[in-house]
Amino acid sequence: MVGNQKRGSGVGKTVLIVDDDPAIRLVLTKSLLTLGYTVVAAAETGEEAIQLALQARPQIILMDARIPAPDGLEASRAINEHHPTTIILVTAYSDAETIERAKEAGIMAFMRKPFDIEELQPTIEIALKRFEDLQMLRGAVRELEGKLEHRKVIERAKGILMERRKITEQEAFNQMRRLSMSSRRPMHEVAEAIILGIQCLQGDVP
């Protein structure tokens with residue numbers, strides 16, 4: 001760990017710096033410490049950045065775009081695949097290809113080189129908020145997908161009961177609800193058990 005000075009609104013937030021220029025690493029480190037951030041490590045290459053990111057799991061990564069292979073964008077993509085993180089790209093390039101690759105890599109914000117230190121904290125805080133909002137959205141989507149999948153399972157189990165017991169949809173639902181209450185198991189688990197039981201009877205399950 002490089003260290004931390006307890007000042008500024010960055011207190012409690014960890015940062016990994018990735019840049020092959022030692023002068024830039026030094027400037028960023030000093031600025032971040034002044035703002036209260038904890039600099040957990042600094043890397044010079046893309047390979048080193050990936051290893052350190054997965055080991056230290058920083059909340060923020062300041063990533064230079066042009067570093068020894070893999071470059072900053074490819075390293076960012078690899079990091080986000082294993083440990084989604086707030087990554088800010090620090091670059092002098094803003095061409096269409098760089099922007100498109102940044103989107104694909106999950107970059108949260110840009111800092112243009114030569115950068116203004118006064119923009120460092122606002123850029124970080126905005127990127128953190130964007131990342132938080134994105135994670136909340138992803139969580140909501142996963143929850144919705146789970147509910148839809150549960151609904152499909154319940155509907156399938158209801159169909160099985162209706163067909164085998166010659167009962168109405170409401171009667172099938174009521175039977176499943178009673179089973180759920182008596183067994184203290186969620187409806188979708190009861191439905192899965194019904195489906196599995198039928199598959200076993202039909203020899204569909206080894």
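Not measured: the values here are computed from a predicted model.

**Digging into the pattern of salt bridges**
- As enumerated under the stated definition, the model contains 14 salt bridges in all.
- The partner of E125 in a salt bridge is K13, with the nearest N and O atoms 2.8 Å apart. Placement of E125 in helix 5 (residues 120–165) and of K13 in the segment before strand 1 (14–18) is noted, with a sequence separation of 112 residues between them.

**A few points about the pairing of strand 2 (residues 38–43)**
- Of all 6 residues making up strand 2, 5 are buried, and the element is well covered by its neighbours.
- Of the strand pairs in this sheet, strand 1 and strand 2 are connected by 5 bridges, and their pairing is parallel. Bridged to L16 within strand 2 is A41.
- Following the backbone out of strand 1, through helix 1 (residues 22–34) and into the adjacent parallel strand 2, one traces a crossover that is right-handed.

**Quick look at unusual backbone geometry**
- For the peptide bond that leads from A69 to P70, omega is -10°, which places it in the cis range.
- Inspection of the secondary structure assignment puts P70 in the loop between strand 3 (60–64) and helix 3 (72–82).
- In this structure, the amide linkage connecting K113 to the following residue, P114, adopts the cis form with an omega of -5°.
- Here P114 shows up in the loop between strand 5 (109–112) and helix 5.
- Notably, R57 is not glycine yet its phi reads approximately 50°, a positive angle.
- Along the chain, R57 falls in the loop between helix 2 (46–56) and strand 3.
- Residue classification places R57 among the partly exposed residues on the basis of a relative accessible area of 47%.

**Some points on the packing of helix 2 against helix 3**
- Remark: helix 2 packs on helix 3, axes separated minimally by 9 Å, with the N-to-C direction vectors making an angle of 20°. Here helix 2 is positioned roughly parallel relative to helix 3, judged by the angle of their axes. The crossing of helix 2 and helix 3 is right-handed. Here helix 2 contributes G46, A49, I50, A53 and L54 to the contact with helix 3, which in turn contributes A75, A78, I79 and H82.
- Grouping the constituent residues of the contact of helix 2 with helix 3 by class yields 7 nonpolar, 2 polar and no charged.

**A closer look at the packing of aromatic side chains**
- Under the defined criterion, the tally for this structure stands at 0 aromatic pairs.
- Positioned above the aromatic ring of Y93 is the side chain of R66, whose terminal nitrogen or guanidinium carbon lies 3.7 Å from the ring centre.

**Considerations on helix 6 (residues 169–183)**
- The end-to-end C-alpha separation of helix 6 is 21 Å, in line with the 21 Å expected for 15 residues at 1.5 Å each.
- For helix 6, the full list of buried residues reads A172, N174, Q175, M176 and S180.
- Note on helix 6: the residue one or two positions beyond its end, R184, has a positive phi of about 55°.

**Here we look at the pairing of strand 5**
- Because side chains alternate across strand 5, one face comprises the buried residues A109 and M111, and the other comprises F110 and R112, none of which is buried.
- Pairing geometry for strand 4 (residues 86–91) and strand 5, over 4 bridges, is parallel. Looking across to strand 5, one finds that V90 is bridged to M111.
- Remark: the strand 4/helix 4 (residues 96–105)/strand 5 crossover connection has right-handed handedness.

Rules of the game
Along each chain, numbering runs from 1 in the same order as the chain's sequence is written. Reporting in this predicted model follows two pLDDT cut-offs: at least 70 for local features of residues, and 80 or more for side-chain atom pairs to be given and counted; totals over whole chains, interfaces and linings ignore these cut-offs and use all residues. Only heavy atoms go into the side-chain values, all of them from the structure, while hydrogens and water stay out. Whenever Lys or Arg places a side-chain nitrogen within 4 Å of a carboxyl oxygen from Asp or Glu, that contact is recorded as a salt bridge. Where helices and strands are cited, they refer to DSSP runs of H or I of at least four residues and of E of at least two residues respectively, numbered from the N terminus. Remark: exposure states derive from per-residue accessible area (1.4 Å probe, protein chains only) relative to the maximum for the residue type, with buried under 20%, exposed over 50%, and partly exposed in between. Following DSSP output, two strands are said to pair if at least two bridges run between them. We call a crossover right-handed when, viewed with both strands directed away from the observer, the connection leading from the first strand over the helix to the second proceeds clockwise. Helix axes are fitted to C-alpha atoms over the stretch in contact, other axes to C-alpha atoms as well, and angles between N-to-C directions run from 0 to 180 degrees. Orientation labels follow simple angle bins: below 35 degrees gives roughly parallel, above 145 gives roughly antiparallel, 65 to 115 gives roughly perpendicular, and whatever is left gives oblique. Crossing chirality is assigned from the near helix's rotation relative to the far helix, an anticlockwise turn below a right angle marking it left-handed and a clockwise turn marking it right-handed. We call two residues in contact when some of their heavy atoms are within 4.5 Å. Classes in brief: Ala, Val, Leu, Ile, Met, Phe, Trp, Tyr, Cys and Pro nonpolar; Asp, Glu, Lys and Arg charged; the others, Gly included, polar. Ring geometry is summarised as follows: Phe, Tyr and Trp rings, the Trp one being its six-membered ring, pair when their centres sit within 6.5 Å, and such pairs are stacked at plane angles under 30 degrees, edge-to-face over 60 and tilted between the two. By definition, being over a ring means that NZ of Lys or CZ of Arg is both within 6 Å of the ring centre and within 35 degrees of the ring normal. The span expected for a helix works out to 1.5 Å for each residue beyond the first.

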